[in-house]
Amino acid sequence: MNAYSEKIWRRGSAVEIMREGRERFRESVALSPIAAHVALASVHYSLIKRYMNSWWQKPLAFWHLWRAAWNINTAFRFADGGINAFGIDQIDVATRVLAKTPSWLGGDRVCASSLLNSALFLNSPAGDRMKPHTRALMLITLGDIEWEAGGQEQAWAHYTAARRLLSAIEEEDVPDRERQLIRVLAAIGLFYYDHSPLSERYWARKLVTRAIDLAHQVSKDQERKIIAEWHKRGF
């Protein structure tokens, strides 16, 4: 993991993160505009949660969300709507931004769903080379879209498929393996806790607890985020 990614993971200075993100964008946009816009969108998106807990900072969170969506939509204009112009990790970022952003800020859940289905199940040339954590996160995003659209059966199927990838994620040979595992554990645990019968919540709590314990060791920022979500549920 490079120093810039580490700075984002460890909740470094937002001013420094954005300054370096813009510098990287200016250096790469002429050569690879799609990659440059997706990368800048990812930087904006990474800063949103730190501004959501204070009412007076929420306008800044919405600004970052709008800029993230704007950059993703700009990348699609350069790609002329073609999915094959995007790498798998870029599709992961793009669909997450489009799915989480309200339509009035540039989000598009229908587009995100279409891209995810194509990447996961249809004709993405890089689909077979997808890292387990990337596949799991994309399944989680698609599951959230399906749930909000009323497709509960499909949502459960996607989350179940993501859960089955946990062992593979634990064995990944990537620098940020533990942080990615934390993301997947927390997302699956919280979803199952929120939507399972009371009698089936025990193992969901175990997943969340495991995510918190692992985050305590490797990522205090992730630990704080998960604990905040857990507190919302009365823990």
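Relevant structure appears above.
Because the structure is a prediction, the values reported are computed rather than measured.

Any chance you could explain the packing of helix 5 (residues 88–100) against helix 6 (residues 109–121) here in plain terms?
Two numbers describe a pair of packed helices, the interaxial angle and the distance between the axes. Across the interface, helix 5 lies against helix 6 with an axial gap of 8 Å and an inter-helix angle of 155°. Between helix 5 and helix 6, the crossing angle belongs to the class labelled roughly antiparallel. For the crossing formed where helix 5 meets helix 6, the hand is left-handed. Between helix 5 and helix 6, the contacting residues are Ile 88, Ile 91, Thr 95, Leu 98 and Ala 99 on the first element and Arg 109, Cys 111, Ala 112, Leu 115, Leu 116 and Ala 119 on the second. Within the contact of helix 5 with helix 6, the residues separate by chemical class into 9 nonpolar, 1 polar and 1 charged.

Which parts of the structure should I look at to understand empty space enclosed by the protein?
Empty space among the atoms can be located by rolling a probe the size of a water molecule over them. Across all of its chains, the model carries 1 cavity of 30 Å³ or more by this definition. Put simply, the largest cavity is a space of about 40 Å³. Lining the largest cavity, in full, are Ala 99, Lys 100, Arg 109, Thr 141, Asp 144, Ile 145 and Glu 148. Of all elements in the fold, only helix 5 and helix 7 (132–148) reach the threshold of two or more residues within the lining of the largest cavity. A per-class count over the lining of the largest cavity returns 2 nonpolar, 1 polar and 4 charged.

Help me understand helix 8 (residues 152–163) in this model?
Residues separated by three or four positions in an α-helix point in the same direction, a consequence of the helix having 3.6 residues per turn. Compared with an ideal rise of 1.5 Å per residue, which puts 12 residues at 16 Å, helix 8 spans 16 Å between its outermost C-alpha atoms and is within 8% of the ideal. Of the surrounding secondary structure, the elements contacted by the buried residues of helix 8 are helix 6, helix 7, helix 9 (166–170) and helix 10 (177–195).

Is there a simple way to explain the nonpolar core in this structure?
It is characteristic of soluble globular proteins that their nonpolar side chains tend to be buried jointly. Counting residues in hydrophobic clusters, the biggest one holds 57 residues, and the most contacted among them are Ile 72, Phe 86, Met 138, Val 184 and Ile 188. Top contributing element to this core by residue count: helix 10, with 10 residues. Not counting residues up to four positions away in its chain, the partners in contact with Met 138 are Ile 88, Ile 91, Asp 92, Leu 116, Ala 119, Leu 120 and Met 130. Formed by 13 residues, the second largest nonpolar core is a distinct cluster that contains Val 43, Ile 48, Tyr 51 and Leu 65.

I would appreciate a short explanation of a nonpolar patch on the surface in the present structure.
A surface patch of nonpolar side chains, amounting to about 370 Å² of accessible area, comprises Leu 60, Trp 63, Trp 66 and Trp 70. With respect to the secondary-structure elements, Trp 66 resides in helix 4 (residues 58–79).

Looking at this structure, how should I read the pattern of salt bridges?
Side chains that differ in sign of charge can pair as their charged atoms come close. Tallying each qualifying case throughout the model produces 13 salt bridges. When the shortest N-O distance is used, the salt bridge between Arg 177 and Glu 178 registers 4.0 Å. Of the residues examined, Arg 177 reaches a relative accessible area of 24% and is grouped as partly exposed. By sharing partners, the salt bridges in this structure join Asp 194, Glu 229, Lys 232 and Arg 233 into a single network.

For this particular structure, what's the right way to read the packing of aromatic side chains?
The way to describe two aromatic rings as a pair is by their centre distance and the angle between their planes. Under the defined criterion, the tally for this structure stands at 10 aromatic pairs. Measuring from centroid to centroid gives 3.7 Å for Tyr 159 and Phe 191, while their planes differ by 5°, and the two rings are stacked. With Tyr 159 in helix 8 and Phe 191 in helix 10, this pair connects stretches of sequence that are 32 residues apart.

How do you make sense of the environment of Glu 153 when you look at a structure like this?
Along the chain, Glu 153 falls in helix 8. For Glu 153, a relative accessible area of 69% gives the class exposed. Along the primary structure Glu 153 and Phe 76 are separated by 77 residues, whereas in three dimensions their C-alpha atoms are 30 Å apart.

Explain the packing of helix 7 against helix 10 to me, please; I cannot follow it from the model alone.
Two elements in contact, helix 7 and helix 10, have axes separated by 10 Å at closest approach and are oriented at 30°. By the criterion of interaxial angle, the relationship of helix 7 to helix 10 is roughly parallel. For the pair helix 7 and helix 10, the crossing hand works out as left-handed. Along the contact surface, helix 7 presents His 133, Ala 136, Leu 137, Ile 140, Asp 144 and Trp 147, while helix 10 presents Gln 180, Arg 183, Val 184, Ala 187, Ile 188, Phe 191 and His 195.

Where do I start with helix 11 (residues 202–218) in this structure?
Look at helix 11: 25 Å from first C-alpha to last across 17 residues, which is about the 24 Å you get at 1.5 Å a residue. Within the sequence span of helix 11, burial applies to Ala 204, Leu 207, Val 208, Ala 211, Ile 212, Leu 214, Ala 215 and Val 218.

Hey, could you run me through the environment of Arg 129 in this one?
Along the chain, the position of Arg 129 falls in the loop between helix 6 and helix 7. Taking the C-alpha atoms as reference, Arg 129 lies 29 Å from Ile 212; in sequence the two are 83 residues apart.

What counts and what doesn't
Residues numbered from 1 in each chain as written. Predicted model: local features only at pLDDT ≥ 70, side-chain atom pairs only at ≥ 80, totals over all residues. Heavy atoms only, no water. Axes fitted to C-alpha atoms, helices over the stretch in contact; angles between N-to-C directions. Helix = DSSP H or I, 4+ residues; strand = E, 2+ residues; numbered from the N terminus. Parallel < 35°, antiparallel > 145°, perpendicular 65-115°, else oblique. Left-handed = near helix turned anticlockwise from the far one by under 90°. Contact = heavy atoms within 4.5 Å. Nonpolar A, V, L, I, M, F, W, Y, C, P; charged D, E, K, R; others polar. 1 Å grid on protein atoms, 1.4 Å probe; cavity = no way out; pocket = protein on both sides within 12 Å on 5 of 7 lines; lining within 4 Å. Points joined across faces, edges and corners; volume = space filled by probe spheres on them. Expected span 1.5 Å × (residues − 1). Core = buried A, V, L, I, M, F, W, Y, C linked by side-chain atoms within 4.5 Å. Buried < 20%, exposed > 50% of the residue type's maximum accessible area, 1.4 Å probe, protein only. Patch = residues over 30% accessible without salt bridge, like charges linked within 9 Å, V, L, I, M, F, W, Y side chains within 5 Å. Areas by Shrake-Rupley, 256 points an atom, 1.4 Å probe, with all protein chains shown as cover. Salt bridge = Lys/Arg side-chain N within 4 Å of Asp/Glu carboxyl O. Phe/Tyr/Trp six-rings, centres within 6.5 Å; stacked < 30°, edge-to-face > 60°.

In short, the description is geometric, and any link to function would need to be established separately.
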